[in-house]
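Each chain, written out:
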Amino acid sequence: FSPKDVSVIFVLGGPGAGKGTQCANLVRDHQFVHLSAGDLLRAEQNREGSKYGDMIRHHIKEGKIVPQEVTVALLKQAIRENYDLGKKRFLVDGFPRKMDQALTFEEQIVPSKFTLFFDCPEKVMLKRLVERGKTSGRSDDNVESIKKRFATFIETSMPVVNYFESQDKVVTVSCDHTVEQVYDQVKAAVKDKIG
Ligand code: UP5
Ligand code: MG
């Protein structure tokens, strides 16, 4: 596919900020394909015959970023498959969360239209994730892994948000509100940026 044919919005924010929840809202109401990098990695981890399973499992539990080669390849494949089905608008959720990924994706796949940044206090995210952990089955929804995810987010992923901010390509959404209130901000940003 040609980069000019596809629109990509990056959806970034701390663990539990509500990225997946709001992407689901946009999929329901607009023509978007939702690609969660974390979901793609979890699927690859469980895919029979994957040579990356153990490596991904370890990184996710430790809240570390899986090497970009794996994640970029999964995203590229998912975009291509959906493009072949006629889809052109993509929400890339939870990616790029490290500078090398940001540069590689924009050089090798397509420059993002903009980034939706979900700003949320740690206290709120912790509460949401601990609650979700009661039923999610996610190996990283426990206090020990959550703390590690927070640290990685601050040290490794915030520089990506700041990089796009310096290019004037970030819309910040304040997430310590109801799902509906957050979605109002998300809708306004999408309308403003890509119509
Ligand atoms: N909830 C949501 N919004 C709410 C609201 N406004 N009010 C009250 N409750 C709200 O929401 C989390 C919980 O909060 C849910 O129970 C929801 O109902 C409630 P969700 O929408 O799931 O939040 P989200 O931001 O998507 O949280 P998630 O846990 O998915 O974030 P992470 O970024 O930590 O997880 P992800 O799956 O993206 O990544 C997991 C791991 O994969 C990473 O830690 C890393 O190890 C690895 N990874 C990579 O290595 N590379 C990548 O590029 C991506 C991931
Ligand atoms: Mg998510």
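Residues numbered from 1 in each chain as written. Chains lettered and ligands numbered in written order. Predicted model: local features only at pLDDT ≥ 70, side-chain atom pairs only at ≥ 80, totals over all residues.

- As annotated in an unreviewed UniProt entry, the protein chain carries the name Uridylate kinase and is attributed to Lachancea dasiensis.
- Taken directly from UniProt, the Catalytic activity (unreviewed entry) text for the protein chain runs: "UMP + ATP = UDP + ADP".
- Quoted verbatim from the Sequence similarities (unreviewed entry) heading of the UniProt record, the comment on the protein chain is "Belongs to the adenylate kinase family. UMP-CMP kinase subfamily." (UniProt positions renumbered as here; feature names shortened; annotations may be inferred.)

**Quick word on the nonpolar core**
Next, step 1: Residues Ile9, Val11, Leu75, Phe90, Leu91, Val92 and Phe118 are the most contacted members of the largest nonpolar core, which totals 42 residues.
Next, step 2: Examining the composition of this core, we find that five residues originate from one element, strand β1 (residues 7–13), more than from any other.
Next, step 3: When neighbours within four sequence positions are excluded, Leu91 is seen to be in contact with Ile9, Val11, Cys23, Leu26, Phe32, His34 and Leu35. (Core = buried A, V, L, I, M, F, W, Y, C linked by C-beta atoms within 7 Å. Buried ≥ 20, exposed ≤ 12 C-beta atoms within 10 Å, placed from the backbone. Helix = DSSP H or I, 4+ residues; strand = E, 2+ residues; numbered from the N terminus. Contact = placed C-beta atoms within 7 Å.)

**A look at unusual backbone geometry**
Next, step 1: Note the cis peptide between Phe95 and Pro96, where omega equals -5°.
Next, step 2: One can find Pro96 in the loop between β3 (89–93) and α5 (99–108).

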